[in-house]
Amino acid sequence: MDDDLRERIEREAETAALFNALKHDSDAQVDAILGPMMGENPDFRPHGGDIPGIIAPVIDEVNERSTSEKRDRLESLAPDRLAELDAADETDDRPLPELPNVDSEVRMRLAPNPNGPWHLGSARMPAVIGTYKEIYDGWMLCRFDDTDPETKRPDLGAYDEILSAIEYLGFEPDEVVKASDRLGTYYDYARQLVELGGAYTCSCDAASFSELKNDGEPCPHRDKDPETTRTEFEAMIEGEYSSGEMVLRIRTDIEHKNPALRDWVAFRMIDTPHPREAAAAYRCWPMLDFQSGIDDHEFGITHIIRGIDLQDSAKRQGFLYDYFGWAYPEVVHWGHVQIDAYDVALSTSTIKELVAEGELDGWDDPRAPTVASLERRGIRGEAVVNAMTELGTSTSNVDLAMSSIYAENRELVDDGADRLFFVRDGTEVPIDGAPDVAEPPLHPDHEDRGNRRIPVGDAVLVEPDDLPDVDTRVWLKGLGPVRYDGEAFVFTDDDIGIVRNGDVDVVHWVPAAESVPVRLRTMDGDESGHAEPRLVEYDPDSIVQFVRIGFARIDGHGDDTSVAYFAHP
Ligand SMILES: [Zn+2]
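Definitions and limits used
- Residues numbered from 1 in each chain as written.
- Predicted model: local features only at pLDDT ≥ 70, side-chain atom pairs only at ≥ 80, totals over all residues.
- Helix = DSSP H or I, 4+ residues; strand = E, 2+ residues; numbered from the N terminus.
- Buried ≥ 20, exposed ≤ 12 C-beta atoms within 10 Å, placed from the backbone.
- Contact = placed C-beta atoms within 7 Å.
- Domains from an automatic or database assignment.
- Nonpolar A, V, L, I, M, F, W, Y, C, P; charged D, E, K, R; others polar.
- Core = buried A, V, L, I, M, F, W, Y, C linked by C-beta atoms within 7 Å.
- Pairing = 2+ DSSP bridges.
- Axes fitted to C-alpha atoms, helices over the stretch in contact; angles between N-to-C directions.

A. Representation of the overall build of the protein within the structure. Check the secondary structure of the protein and you find 17 helices and 27 strands. In terms of its C-alpha atoms, the protein occupies a principal-axis envelope of roughly 100 × 55 × 40 Å. Looking at the protein as a whole, 40% of its 569 residues are labelled buried. Within the protein, counting contacts between residues at least 6 apart in sequence, those at least 24 apart form 69% of the total.

This is the structure in structure tokens:
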């Protein structure tokens, strides 16, 4: 290792140690710094064995400083990290901007389209609305906007998947409804609107209506007598037309400067039956702007959050609200969220296709950018919510860095996760003269939790990159010093000082005979390796930290292989 690299490692470790110590108001620990540091600096990884020895004295020095000395030192090393620390202190209690014009109970709604389970971008809405519900002690509706049986066809499994995703994020809707159960309500409001002169039936084909509309010209049906509209709308409800033959339009302003607002469609005919049996007989379906506009009023929604690209919705619905004399809810428009850590696009239809083709093992495949995959990886919903609310609600597009979800999750799981050795693609090396059993601690910060017992046996597995040169000493982590004679590790009587001085690499290992084969499922595909024998004692859903690799969720134990899902470094 050259001096430049060593200095960089020392500087990174010192910065991280100062940051962690100040943030948690406690001593920094080697293990807590090691994982994230390796994650963020891929070029450190080949030297993984040397690094604990290099950073341990740096961290000891940090821990000897007073708080003000730590702050001064962090200021000089990385002023932006100190600023980050101070900013986090200020916003901890209030991650989101205040909602506008709160003068009664805050009532908000999630309005998922159940055309598939949630991708990660979809988690932003429940994260933010659920958090507002908590801040304002408000009320939250989960309304499935499932009134398009054709182009955004509902997926029958997605209703429950979405509810379980909301639960995973830590929230519970006060009420759950399906729009497809509420067609009678939408028809009734449409009938009232016809009476008010606010709607008319139109049998223009889409292209010729569009041409007239763009010229600001009414179609011949706009001024038909209300009795005809009444009769034709009832015939729509009875399913007497086919798709494209008849629509019900809202009478707005045919010369409105924004053509998208001119006499928009409220109901249309769809020949394809709805997949839900309870809704399969309907053919006359409301458009989303009509359905959600009526429902927002019916459920007393006070605040709506929606994408900046949907600004026309509020304007279209404004005509409805004016006819009925209703007050429109407050609207917060926000930009899109982008997540670029995945190869798979953040798109329900794309993920659906890859699952159907067998390219992904399901919506919870670790390679899929979905809520279900994060859950399976053992990442807590709370970490997702914290990272999502930190994005705020601004109108500009925002990037969600997976590393911020990981950082949030690390804080939640680190304390509880036992440490286990895990070796990828192990090379078997005989070992002579070692103790029969290694007893490293279950958790370096919690000695009271006791130690693991790893039977060493006659040989160990180490990662091929960790195999030392002939006649070189290494420290087998948790076991002790050995010299590699070209064929075997021979135990030596060196003390831990050789590690502290940085003279030898620290190498992790598992016993060759008694270790457990593991398939580690990651965002980048599956890896195979061996974990120490204790792994089989952990129930599915347990979170452990594979030393030097990262946190993982135990998924299950097969006859000869265990499966774990990698969470993050
Ligand atoms: Zn017409």
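B. Representation of the domain arrangement of the protein. Taken domain by domain, the protein holds domain 1 (3-91) and domain 2 (418-569). Once you take the C-alpha centre of each, domain 1 and domain 2 turn out to be 25 Å apart. In this assembly, 15 residues from domain 1 lie in contact with 14 residues from domain 2. Broken down by secondary-structure element, the contributors of at least two residues to the side of domain 1 that touches domain 2 are helix H2 (30-40) and helix H3 (51-64). Split into classes, the residues belonging to the side of domain 1 that touches domain 2 amount to seven nonpolar, six polar and two charged.

C. Structural view of the nonpolar core. Core analysis: the biggest nonpolar cluster contains 86 residues, and Leu 169, Val 384, Phe 422, Val 460, Trp 509 and Ala 552 have the highest contact counts within it. If we ignore the near neighbours within four places in the chain, the residues touching Phe 422 are Val 518, Gly 529, Ala 531, Phe 546, Val 547 and Ile 549. Listed in part, the 26 residues of the second largest apolar core include Phe 209, Phe 267, Cys 284 and Phe 319.

D. Broad picture of the sheet that holds strand E19 (residues 480-484). Judged by pairing direction, the sheet is mixed, and its seven strands sit side by side in the order E21-E18-E19-E20-E14-E17-E22 without closing on themselves. Only two strands of the sheet have a single partner each, and these edge strands are strand E21 (505-507) and strand E22 (510-511). With four bridges joining them, strand E14 (residues 427-432) and strand E17 (residues 459-462) adopt antiparallel strand pairing. The residue bridging Pro 430 from the neighbouring strand is Ala 459, located in E17.

E. Spatial organisation of the environment of Val 462. By the element assignment, Val 462 lies in strand E17. Under the C-beta neighbour-count criterion, Val 462 is labelled buried, with 23 such atoms within 10 Å. Taking the C-alpha atoms as reference points, Val 462 and Leu 310, separated by 152 residues in sequence, lie 56 Å from one another. Discounting residues that sit within four places of it in the chain, Val 462 has contacts with Val 423, Gly 426, Thr 427, Val 429, Leu 467, Val 507 and Trp 509.

F. A look at unusual backbone geometry. At Asn 101, a position not held by glycine, the phi torsion is positive, near 50°. Note that Asn 101 resides in the loop between helix H5 (79-91) and strand E1 (107-110). A positive phi angle is found at Asp 425, which is not glycine, with a value near 45°. Mapping Asp 425 onto the fold places it in the loop between strand E13 (422-424) and E14. Residue classification places Asp 425 among the exposed residues on the basis of 12 C-beta atoms within 10 Å.

G. Geometry of the sheet that holds strand E12 (residues 418-420). On the basis of which strands lie adjacent, the open sheet formed by seven strands has the order E12-E25-E26-E27-E23-E24-E13 and mixed pairing. The open sheet has two free edges, formed respectively by E12 and E13, since each of these has just one partner strand. Direction aside, neighbouring strands of the sheet carry axes that sit 40° apart on average. Taken together, the three bridges between E13 and strand E24 (residues 525-531) define a ladder with antiparallel strand orientation. Counterpart to Phe 422 in the pairing with E24 is Ala 531.

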